[in-house]
There are 4 protein chains.
Amino acid sequence: MDFAYDARTEQLRVELTDFLEQHVYPAEPVHAAQVAAAGDPWARPAVLAELKAEARRRGLWNLFLPDPRHGAGLTNLQYAPLAELTGRSPHLAPEALNCAAPDTGNMELLAEFGSPAQQERWLTPLLAGEIRSAFCMTEPDVASSDATNIATSIRRDGDHYVIDGRKWWSSGAMDPACAILIVMGKTDPSADRHRQQSMILVPRDTPGVTVRRGMRVFGYSDASHGGHAEIDFEGVRVPAENLVGAEGTGFAIAQARLGPGRIHHCMRLIGAAERALELLCRRAAERVAFGRPLAEQGVVREWIAEARVRIEQARLLVLKTAWLMDTVGNKGAHTEIQAIKIATPAMAEWVIDKAIQAYGAAGVSQDTPLAQLWAQARTLRLADGPDEVHRNSLAKRELRRWA
Amino acid sequence: MDFAYDARTEQLRVELTDFLEQHVYPAEPVHAAQVAAAGDPWARPAVLAELKAEARRRGLWNLFLPDPRHGAGLTNLQYAPLAELTGRSPHLAPEALNCAAPDTGNMELLAEFGSPAQQERWLTPLLAGEIRSAFCMTEPDVASSDATNIATSIRRDGDHYVIDGRKWWSSGAMDPACAILIVMGKTDPSADRHRQQSMILVPRDTPGVTVRRGMRVFGYSDASHGGHAEIDFEGVRVPAENLVGAEGTGFAIAQARLGPGRIHHCMRLIGAAERALELLCRRAAERVAFGRPLAEQGVVREWIAEARVRIEQARLLVLKTAWLMDTVGNKGAHTEIQAIKIATPAMAEWVIDKAIQAYGAAGVSQDTPLAQLWAQARTLRLADGPDEVHRNSLAKRELRRWA
Amino acid sequence: MDFAYDARTEQLRVELTDFLEQHVYPAEPVHAAQVAAAGDPWARPAVLAELKAEARRRGLWNLFLPDPRHGAGLTNLQYAPLAELTGRSPHLAPEALNCAAPDTGNMELLAEFGSPAQQERWLTPLLAGEIRSAFCMTEPDVASSDATNIATSIRRDGDHYVIDGRKWWSSGAMDPACAILIVMGKTDPSADRHRQQSMILVPRDTPGVTVRRGMRVFGYSDASHGGHAEIDFEGVRVPAENLVGAEGTGFAIAQARLGPGRIHHCMRLIGAAERALELLCRRAAERVAFGRPLAEQGVVREWIAEARVRIEQARLLVLKTAWLMDTVGNKGAHTEIQAIKIATPAMAEWVIDKAIQAYGAAGVSQDTPLAQLWAQARTLRLADGPDEVHRNSLAKRELRRWA
Amino acid sequence: MDFAYDARTEQLRVELTDFLEQHVYPAEPVHAAQVAAAGDPWARPAVLAELKAEARRRGLWNLFLPDPRHGAGLTNLQYAPLAELTGRSPHLAPEALNCAAPDTGNMELLAEFGSPAQQERWLTPLLAGEIRSAFCMTEPDVASSDATNIATSIRRDGDHYVIDGRKWWSSGAMDPACAILIVMGKTDPSADRHRQQSMILVPRDTPGVTVRRGMRVFGYSDASHGGHAEIDFEGVRVPAENLVGAEGTGFAIAQARLGPGRIHHCMRLIGAAERALELLCRRAAERVAFGRPLAEQGVVREWIAEARVRIEQARLLVLKTAWLMDTVGNKGAHTEIQAIKIATPAMAEWVIDKAIQAYGAAGVSQDTPLAQLWAQARTLRLADGPDEVHRNSLAKRELRRWA
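The shown structure was predicted, so the numbers you read here are calculated from the model rather than taken from an experiment.

Chemist: Would you mind going over the overall build of chain A with me for this structure?
Modeler: Regarding its fold elements, chain A presents twelve helices and ten strands. On the principal axes, the C-alpha backbone points of chain A span a range of 75 × 60 × 40 Å. Here chain A holds 403 residues, and the buried ones make up 61% of them.

Chemist: Explain the nonpolar core here, please?
Modeler: A general feature of soluble globular proteins is that nonpolar side chains tend to end up buried together. Counting residues in each nonpolar core, the largest one holds 540 residues, and the members touching the most others are I352(A), I352(B), I352(C) and I352(D). Each residue touching I352(C), except ones within four places of it in the same chain, is listed here: A272(C), A273(C), A276(C), L370(C), L373(C), W374(C) and A377(C).

Chemist: Explain helix α7 (residues 250-286) of chain A to me, please; I cannot follow it from the model alone.
Modeler: The periodicity of an α-helix, 3.6 residues per turn, causes residues three or four places apart in sequence to face the same way. The terminal C-alpha atoms of α7(A) lie 53 Å apart, and with 37 residues this matches the ideal 54 Å at 1.5 Å per residue to within 8%. For α7(A), the tally of buried residues reaches 28 of 37 residues, placing the bulk of the element in the interior.

Chemist: Would you explain the pairing of strand β2 (residues 153-157) of chain B in this entry?
Modeler: Put simply, side chains in a regular strand alternate between the two faces of the sheet. All names here are of chain B. Note that β2 and strand β3 (residues 160-171) share five bridges and pair antiparallel. Paired with I154 across the bridge in β3 is I163. Between β2 and β3, which pair antiparallel one after the other, the connecting turn spans two residues, and G158 there sits at a positive phi close to 65°.

Chemist: Looking at this model, I keep getting lost on the UniProt feature "domain: Acyl-CoA dehydrogenase/oxidase N-terminal" (unreviewed entry) in chain A. Mind explaining?
Modeler: Taking the UniProt record as the reference, the feature "domain: Acyl-CoA dehydrogenase/oxidase N-terminal" (unreviewed entry) is found at residues 9-130 of chain A. Secondary structure within residues 9-130 of chain A divides into 66% helix and 0% strand; the distance between the first and last C-alpha atoms comes to 27 Å.

Chemist: Which parts of the structure should I look at to understand the interface of chain B and chain C?
Modeler: A common way to state how big an interface is: give the accessible area lost once the parts meet. The interface of chain B with chain C comprises 40 residues on the first partner and 40 residues on the second. For the side of chain B that touches chain C, the elements supplying multiple residues, two or more each, are α7 (250-286), α8 (298-332), α9 (334-359) and α12 (387-402) of chain B. Top element by residues in the side of chain B that touches chain C is α8(B). It accounts for 16 residues. Residue classes in the side of chain B that touches chain C are distributed as 25 nonpolar, three polar and twelve charged.

Chemist: Just to check I follow, could you spell out the pairing of strand β1 (residues 132-136) of chain B for this structure?
Modeler: Residue and element names in this part refer to chain B. Within β1, five of the five residues are buried, which leaves the element mostly enclosed by the surrounding structure. Across the two faces of β1 the burial is the same, with R132, A134 and C136 and S133 and F135 all buried. Summarising the sheet, β1 and strand β4 (residues 178-186) pair through five bridges and their orientation is parallel. In the strand pairing of β4, S133 is matched with I180.

Chemist: I'm lost on unusual backbone geometry in this one. Help?
Modeler: Most peptide bonds adopt trans geometry, and most residues besides glycine take a negative phi value. The residue after A101(A), namely P102(A), is reached through a cis peptide bond having omega 0°. Positionally, P102(A) belongs in the loop between α4 (93-96) and α5 (103-113). At W169(A), a position not held by glycine, the phi torsion is positive, near 50°. Positionally, W169(A) belongs in strand β3 (residues 160-171). Here W169(A) falls in the buried class, since 26 other C-beta atoms lie within 10 Å of it. Unlike most non-glycine residues, N62(D) shows phi in positive territory, near 55°. Note that N62(D) resides in the loop between α2 (46-57) and α3 (76-86). Its 24 C-beta neighbours within 10 Å are what place N62(D) among the buried residues.

Chemist: Even after reading the chapter, I still don't get the interface of chain C and chain A, so can you show me in this structure?
Modeler: Between chain C and chain A, the residue contacts involve four residues of the former and four residues of the latter. Each residue belonging to the side of chain C that touches chain A can be placed in one class, and the counts come to one nonpolar, two polar and one charged.

Chemist: Got a minute to help me understand the relation of the copies chain C and chain A in this structure?
Modeler: Copies of the same chain, two in number, are related to each other by a rotation about an axis and a translation along it. Superposing chain C onto chain A takes a rotation of 180° plus a shift of 0.0 Å along the axis, which leaves an RMSD of 0.0 Å. Viewed as a symmetry operation, the transformation between the two copies matches a two-fold axis. A shared binding surface is used by both copies, with 100% of the interface residues of chain C retained as interface residues in chain A.

Chemist: Is there a simple way to explain the relation of the copies chain B and chain C in this structure?
Modeler: After a rotation of 180° and a shift along the axis of 0.0 Å, chain B superposes on chain C with an RMSD of 0.0 Å. When the interface residues of chain B are mapped onto chain C, 100% of them again lie at the interface, so the same face is used by both copies.

Chemist: I keep staring at the domain arrangement of chain A and nothing clicks. Help me out?
Modeler: Residue and element names in this part refer to chain A. Entries for chain A in the domain assignment read domain 1 (7-114), domain 2 (132-244) and domain 3 (251-402). The centre of domain 1, based on its C-alpha atoms, is set 20 Å off from the matching centre of domain 3. In this assembly, 21 residues from domain 1 lie in contact with 24 residues from domain 3. Those elements giving two or more residues to the side of domain 1 that touches domain 3 turn out to be α3 (76-86) and α5. Ranked by the residues each element gives to the side of domain 1 that touches domain 3, the list is headed by α3, at seven residues. Counted by class, the side of domain 1 that touches domain 3 contains eleven nonpolar, six polar and four charged residues.

Chemist: So what exactly am I meant to see when it comes to the packing of α8(B) against helix α12 (residues 387-402) of chain C here?
Modeler: Two elements in contact, α8(B) and α12(C), have axes separated by 8 Å at closest approach and are oriented at 80°. When the axes of α8(B) and α12(C) are compared, the pair comes out roughly perpendicular. Counted together, G298(B), R301(B), E302(B), I304(B), A305(B), E306(B) and R308(B) of α8(B) and R391(C), N392(C), L394(C), A395(C), E398(C) and L399(C) of α12(C) form the full contact between these two elements. Each residue belonging to the contact of α8(B) with α12(C) can be placed in one class, and the counts come to five nonpolar, two polar and six charged.

Cut-offs and rules
Residues numbered from 1 in each chain as written. Chains lettered and ligands numbered in written order. Predicted model: local features only at pLDDT ≥ 70, side-chain atom pairs only at ≥ 80, totals over all residues. Helix = DSSP H or I, 4+ residues; strand = E, 2+ residues; numbered from the N terminus. Buried ≥ 20, exposed ≤ 12 C-beta atoms within 10 Å, placed from the backbone. Core = buried A, V, L, I, M, F, W, Y, C linked by C-beta atoms within 7 Å. Contact = placed C-beta atoms within 7 Å. Expected span 1.5 Å × (residues − 1). Pairing = 2+ DSSP bridges. UniProt positions renumbered as here; feature names shortened; annotations may be inferred. Nonpolar A, V, L, I, M, F, W, Y, C, P; charged D, E, K, R; others polar. Least-squares fit on C-alpha atoms with pLDDT ≥ 70 in both. Domains from an automatic or database assignment. Axes fitted to C-alpha atoms, helices over the stretch in contact; angles between N-to-C directions. Parallel < 35°, antiparallel > 145°, perpendicular 65-115°, else oblique.

See below:
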């Protein structure tokens, strides 16, 4: 047992920290001003392209991809502390490094399950950061934590498939640069429960695809994830070779995609919580109320101590989970992935809430990143399966140990 | 001791409930659509004018004003359950009844402290719902929970006063219909701590008044409160008769305004929590997950029961506080006003959070009122003095009982 | 709506407070010393008899009994604030006033359902405080929150009934003065679910009754409730006229007994929490740590403020529940009785925990009443139905409102 | 970074688990019966001696001592998972392995700071498990979390020291086998703040030593720690060579003793929480309420999942702290020691509380180990410095990072 990061991780942490301090944090107000000026809440501010260029120049690019043919070849355990650092500026840093959801999951999916042709057509420009992508699974009328509920149909018609259905919370699809949608639907409703679904690639400009609106998250557009679209698919026709893998493998592919996606979210939330704690401490040191700095007031100190204690615990569990994924595989780490999915958003929500409180009205406004960080943490208590689903499943496994 | 509402309250509750069901709830999606179509997040949707006309026609108008010359002449205890009902649709109902903050506090202030000329010029159109108003107290650079920190200057210059300073979180000032600003500043920085401040009326179109931007609240514009503006006052010159009351009375007037304002917020939060609980129950009854309706799942039932228990307790404390304000005055009810200011937002936040969780992604989006209700509850944990300030003060009084 | 106590209640509160201050609080260390000296944790210390004589002399006797033929003839609303006061010294005051569980519930039961002969034989000495009694319902092997699970049999045999079974948590039965057991069992296992049970009176010295041991509560004997016994009933034969009411009425009688019992517990817990808050404040004023009194430390102030806010809310809900029981009956107040059963123990537990923390090691020891108060509050989260059962039931009713 | 235990640890875990299953768990009811039969709550039941003999025979002895001359020579990281296992049966296993507080800390102290003569006279029989020892630091009248408050005097008088003062919570001193007291007092009240104190060895049978009473912990005697005594020292005279180290080193020695003591407590609490979770799961599987096993009820599953998630996080932080103590020393691990002291008792308290609730009345009684486990966890929120002191100190260090 050893709690030290390895040398490569330490080196990359230094490099990434330098990039954040030199480029990302200074770009935050620039980004906010460009978004405000654009009018369109899903516009792509110019500063983002500059950050991407600089990150790529520094070799801080595609760190998330374990496959060394496509990415940095890091293990989950090596990537975790880096993803954490990007979570300190979650609306800029992940995309600057080409490590933003949902593209990360989509790239992994294409790298693992895509045909060579699919990889050349879509994975290559995604790896280059030239386009963005969307993942279309959730549907408005069913409980999406149970993937077997999906109603969208993917019907074979000669050399083509025809897609009909409605999706929402299709992350990525509001981004003007989004070129490709990965759509999950049913190719065979009569098959076994987990063999009915398939994944298919649909270029966003295919006729029959209508992006109806962007879903808001506590008033935010969530543009850094490419927003979350409601999309109609009406008689959408794509070539048969757009299917990812074989018919009936959609559920398995979705499962494979979710594990890493969940841990990435958790890693970034650790960073968000660290950023909030730093902001809380800075505020406490500067702000005077009733004659004394907040930093000398017992209640604020309790928040700070408690925040530190909670962050440390959650980080260790995330790191152990990453280690398990590396050593026994995503399936072997299933319980721990659920555990961090339960623990981390709640922790981050708590820490950020305290920082908000210390900033008063500024904390809920656009003048700090806190309110938006909070909205993200809160949303992750229900995205990718609400806490209750994960708790129920984790408890069942625990109960089996003693039955 | 008697826990029944009196006859007039019961009658008004019936009438108000009917108005909500017949007009307000159906107007909610209309309002959302009109806001979305307007582009400007602080625009005044047409449906609001229709609701106001209908409410006035029904005699549901200015219920908040205890002075029978101007308003309904209800006691706080009678008004409380009605304000609660308006809190069920807090972005429409309060303004529809001409009972929305910050106008309510401003009207009370003018009714109590305004000169006859000030009343005729500003109170009359406010009572008629023809204009809106803003309250400009908070400043960006100081801890506003301590009103003595205020830096804006109000300098006498012959027959005029000249105002210089910067305000933010000036609620109401983003509303296109906002015509008048009530500004707090210092007329005599050398006077006693609580005698330095004065209140003065500044028409919004006075030269030197610059509305710089609207503050966001978790991504929302909070247009139903007329937004929250950052405003520069540069050499703003108004006639001397615009001063409210005598020089040096600003602090006392602000204190008089805050007590009722705080209880109104708490009353409406009770209604917001009730609305959230109703939505939670409806969702639980309809939504099926893993083969069973949410309503049959133990965790959801715990939320519902706990929500009911918390709401009942908070409501009783709010009602008792209203009763104390009626029987021993705002000052005598000081402890209880602080108590409800601590208890109610936290309660509402908790209840609404659970409803959000039951709705999943829809809960954080624009498709339910929940996320915005939550943002309001959260903000009230820090607006008008953060919880920590109230707790500290309440504890000091408790400690004095035993010293 | 009116939040003031009536004149009789106020008068009795003054008298009871005087009794507590003059006699009960001073008797607490005496009581502790007598218990320690006795060796037997269920012994009856002599000081108790003195307190009972004094209380009776002052007319502070049997206040709990609404029936004026037997008791003080107070409404629930009048009794509530008095029971609260006794909860400040729960190991002495309730019994001193002949208002201690389980005797209160047993006296109510005999007053309402007992035959004249049963009343003369057992109610009269109980009202006089000459004997104590036990209530034997719970059984070791079944979930007692569901009364239909009861397995003890009550079999008719000529002019007698014969009782066989095992009970535990038979409150009262460890008291040396306990003379009579009220036993619930099944007279007809083939009847309707709620008509199988009957109640029967069993003198404790009846052959076949074996008190096996006293159950401990966090190490305490809970002697003030007469302890909690495990009892074997083996061929216990009593005359047929010992049956309370008719055969098959046991479940209904138990239900009738539980409502008032639950509210009495909650009333006393409010008083326990008030006592803990007073002790917390006194400690905070006296104790210096790291150069400052606890009273000046923000965290301790938060506890105090939060405690005050929680107590006020719970008390109002208890009082409203008492008012409902008086105005619409125990059945009409069912939801509220469940609500206070959920809310009050958790509140008291929280408040007492903070007082313990302020006292440090003394708080968990025999040198303050806090640890034992806490154990009682904790136990009431599961006695008379665990929180979860009440929440589940309350939620079902709430859900029906919207279905 | 590596999250696997090393081979020696794994081997010892297997051996220790076998010992627990074969000997310790079966001894629990025997132990309870022997204690009940003894009458004296601080008696030493015979079964303990048998367990000690068996543990020693198996080589599971003095595992806590890192010094290979005296103990097993394990690192903190190796010992942590073993201490955790002993915490599953904290009233038997630690002492069975000669690894129980306060003897562990006292043995460490003697091993590190004792003279050869002191070691031979006291350390040898302690290592052999022949005697027990007490640590006398806390005093009744001062805030002991600040060790400089200590009032007991140790006055040089020729070849002797004379000790006067009162101690309480002197853990270990109620045990009939306790032979030696390590007493902290002031040798020079005029010295620097942290140089006034010294430690001295006082045989318990020295004239002038009066054990006045055993402090109770929530009604328990805490006999497994040798109880907690209040002790008077009146003119207690011991040879000068009984001083541990030099005059003025008492504070430093106490600090050195506390770090390992705190982590040992936390390790055992992890085990206590694991035991409670196992009991909760077993109960959930067996107990039927309202027609379904608890294991199928959502609320119980939430408890189980949440318990698992909390335990995992706390364990990792404890292990990392052990690793830090091994790699950078106790001082370098100061923040983390405080963090686990804050996090672990609260976690254990939460988990055990849920298990108690699942067991109902049995949970608070002597029929499960839960209530006593809980009392221990609760006490550790204030023993060795209350949470608030540690949080305050930890926050100050965190604030310095950003100042």
